[in-house]
Structures are given as structure tokens and as C-alpha cells.
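# Observations on the model geometry
The lines below spell out each chain.
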Amino acid sequence: MKNFKPKAWMLPQPVLIIGTYNADGTPNAMNAAWGGQWDMTEIMISMGKHATTENLNRCGDFTVAFATTDTMVASDYVGVVSAKEHPDKMEKTGWKFVKSEHVDAPVFECFPITMECRIKEKLYESESGYYIIADVLNIRCREEFLSSDGKPDVEKMQLITFDPIHNGYIALGKRVGNAFHDGLSMREQD
């Protein structure tokens, strides 16, 4: 086995698209990978110093969409280009948006699933950013990404994950088992 120094290699890392409004009311988006579930109805995201961070300081509402193979190029673009230097960055993505029904933030229509969120708490706030804990107020899923039981079907979404080791994106695959069920077969062997 080979050893490595500590790095930001938590796997898999989601490719999160954070949607906010700029001060002039135009939509903005950024790509973030350092986030996850905090509690049953709360998420956590590590925010650096970005135009999005300034937007969150002004209004704690935002949306979180999950990047897909179809949105990968534009999702990467909103992560490498700042709205501070490129105010037209959203026009270049071609993403259409609607106003969220539950928070003061844009919902980009090209993503299969979007969480509508509001900041509950900021942790370790400094010049370089902060961590946010946010309440998920609503989850929107496009109809074509629902399964026969009416719930979102993750396999249909073609979500991607960030590969921090080789700086790439990897498409998530197919279902391989049943959580809270398949492991019970080992209990029967006791």
C-alpha cells in the first residue's frame, strides 16, 4: 500500500452549482465541490471568497443544483470564471432560469434536481470565506427524472462527481445494491 500526505481527497465529491442573485438582480452561479448533507434537512458547503459569497452575505438564499454529463462544460466554466471579471458569464452558459418559489434565488432549468436553501448558520467566518449550514426548504425535480414511484430517479440524471486526485469529472454509474437491506444477509449468517 502507498501512503500520501493529507489532501482534499474525500470521495466522491459532488459537483454543486450554487445559484444566487447579484446585487443588480441578475442570476449568478458557481461550481463548488466541498459540500454535503449536514442533517436530515440541512446541508453544508465550504465557501471561499467569491462573488457568490458576497451575494450570500447580502441575501442568505440560494439554490444548489447537481451537475450532469450534459451540463459539465458550462458547470466547469462557472467554476473557473468569476462574475467579478466576467459579468456576462451566465449568458455564455445558455442556462435559462426561473425564480425559486421558496427562496430569493434562481433555479436553472437545465439541471434535473435543485435544492432551494437558506443559510441557517455561518461557521469559521474569515477573510477567505466560511462554511455555511443551510436549511433545505424545498427540492425541485424535473418530471422526466422521476421514477415510477414518483420520487427522483438518480440513475436517470447522469450526475457527475469531481475527481480531486486527477482534476477531472466522472459520471456516476448504475445502482449496485439496496441500502439498509443487502447487508442484512450477513446477519443471517451469524
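Residues numbered from 1 in each chain as written. Predicted model: local features only at pLDDT ≥ 70, side-chain atom pairs only at ≥ 80, totals over all residues. Heavy atoms only, no water.

## So, the overall build of the chain
Within the chain, the secondary structure is distributed over 5 helices and 12 strands. Taking 190 residues into account, the globule formula puts the C-alpha radius of gyration at 16 Å, and the chain, at 18 Å, falls close to it. Once local pairs closer than 6 in sequence are excluded, the contacts in the chain between residues at least 24 apart make up 59%. Charge-centre separation for the chain: the mean point of 20 positive side chains lies 4 Å from the mean point of 27 negative side chains. (Helix = DSSP H or I, 4+ residues; strand = E, 2+ residues; numbered from the N terminus. Rg over C-alpha atoms; globule rule 2.2 N^0.38 Å. Contact = heavy atoms within 4.5 Å. Lys, Arg positive; Asp, Glu negative; His and termini not counted. Charge placed at Lys NZ, Arg CZ, Asp CG, Glu CD.)

## Focus on unusual backbone geometry
A cis amide bond, omega -15°, links leucine 11 with the succeeding residue proline 12. Here proline 12 is to be found in the segment before strand S1 (13-14). Here asparagine 167, not a glycine, exhibits a phi torsion of approximately 50°, which is positive. Relative to the elements of secondary structure, asparagine 167 occurs in the loop between strand S11 (160-163) and strand S12 (168-171).

## Re helix H2 (residues 72-80)
Turning to H2, its buried residues are Ala74, Ser75 and Val78. Burial along H2 is one-sided: seen end-on, the buried residues are contained in an arc of 105°. Seen from the buried face of H2, the exposed residues on the opposite side, beyond 90 degrees, are Val73 and Val80. Contact partners of the buried residues in H2: strand S2 (16-21), strand S3 (27-32) and helix H3 (89-93). (Buried < 20%, exposed > 50% of the residue type's maximum accessible area, 1.4 Å probe, protein only. Arc of directions from axis to C-beta.)

## Quick look at the sheet that holds strand S10 (residues 129-141)
Sheet strands line up and pair through hydrogen bonds in the backbone, either parallel or antiparallel. Taking strand neighbours across the sheet as the criterion, the 7 strands line up as S3-S2-S6-S9-S10-S5-S4 in an open arrangement whose pairing is antiparallel. Strands at the two margins of the open sheet, each flanked by one partner only, are S3 and strand S4 (35-39). In this sheet, adjacent strand axes meet at a mean angle of 35° when their direction is disregarded. Alignment of strand S5 (residues 42-47) against S10, held across 6 bridges, turns out to be antiparallel. Bridging across to S10, methionine 47 finds its partner in tyrosine 130. (Pairing = 2+ DSSP bridges. Axes fitted to C-alpha atoms, helices over the stretch in contact; angles between N-to-C directions.)

## Here's the deal with the nonpolar core
Counting residues in hydrophobic clusters, the biggest one holds 22 residues, and the most contacted among them are Ile18, Ile43, Ile45, Phe62, Val64, Cys117 and Ile132. Of all the secondary structure elements, the ones that give two or more residues to this core are S2, S3, S5, strand S6 (61-66), strand S9 (113-126) and S10. Counting 14 residues, the second largest nonpolar core, distinct from the first, contains Val15, Ala67, Met90 and Phe111. (Core = buried A, V, L, I, M, F, W, Y, C linked by side-chain atoms within 4.5 Å.)

## Focus on the pattern of salt bridges
Within this structure, the stated rule accounts for 7 salt bridges. Notably, a salt bridge pairs aspartate 104 with lysine 99, separated by 3.6 Å at the nearest N-O pair. Linking glutamate 101 and arginine 140 is a salt bridge whose minimum nitrogen-to-oxygen distance equals 3.8 Å. On the criterion of sequence distance, the pair formed by glutamate 101 in the loop between strand S7 (97-99) and strand S8 (106-108) and arginine 140 in strand S10 is long-range, its members being 39 residues apart. Accessibility expressed as a relative area gives 26% for arginine 140, which makes it partly exposed. Overlapping salt bridges bring together Glu101, Glu116 and Arg140 as one network. (Salt bridge = Lys/Arg side-chain N within 4 Å of Asp/Glu carboxyl O.)

## Topic: the pairing of S3
Across the 6 residues of S3, 6 count as buried, placing the element largely inside the fold. As consecutive antiparallel partners, S2 and S3 are separated by 5 residues, and within that stretch glycine 25 has a phi angle of approximately 90°, a positive value.

## Some details on the sheet that holds S1
Spatial strand order, S1-S11-S12: 3 strands in an open sheet with antiparallel pairing. Strand pairing shows two members of the sheet lacking a second neighbour, S1 and S12, which therefore form its edges. In this sheet, S12 lies alongside S11 in antiparallel orientation, the contact comprising 4 bridges. Counterpart to phenylalanine 162 in the pairing with S12 is tyrosine 169.

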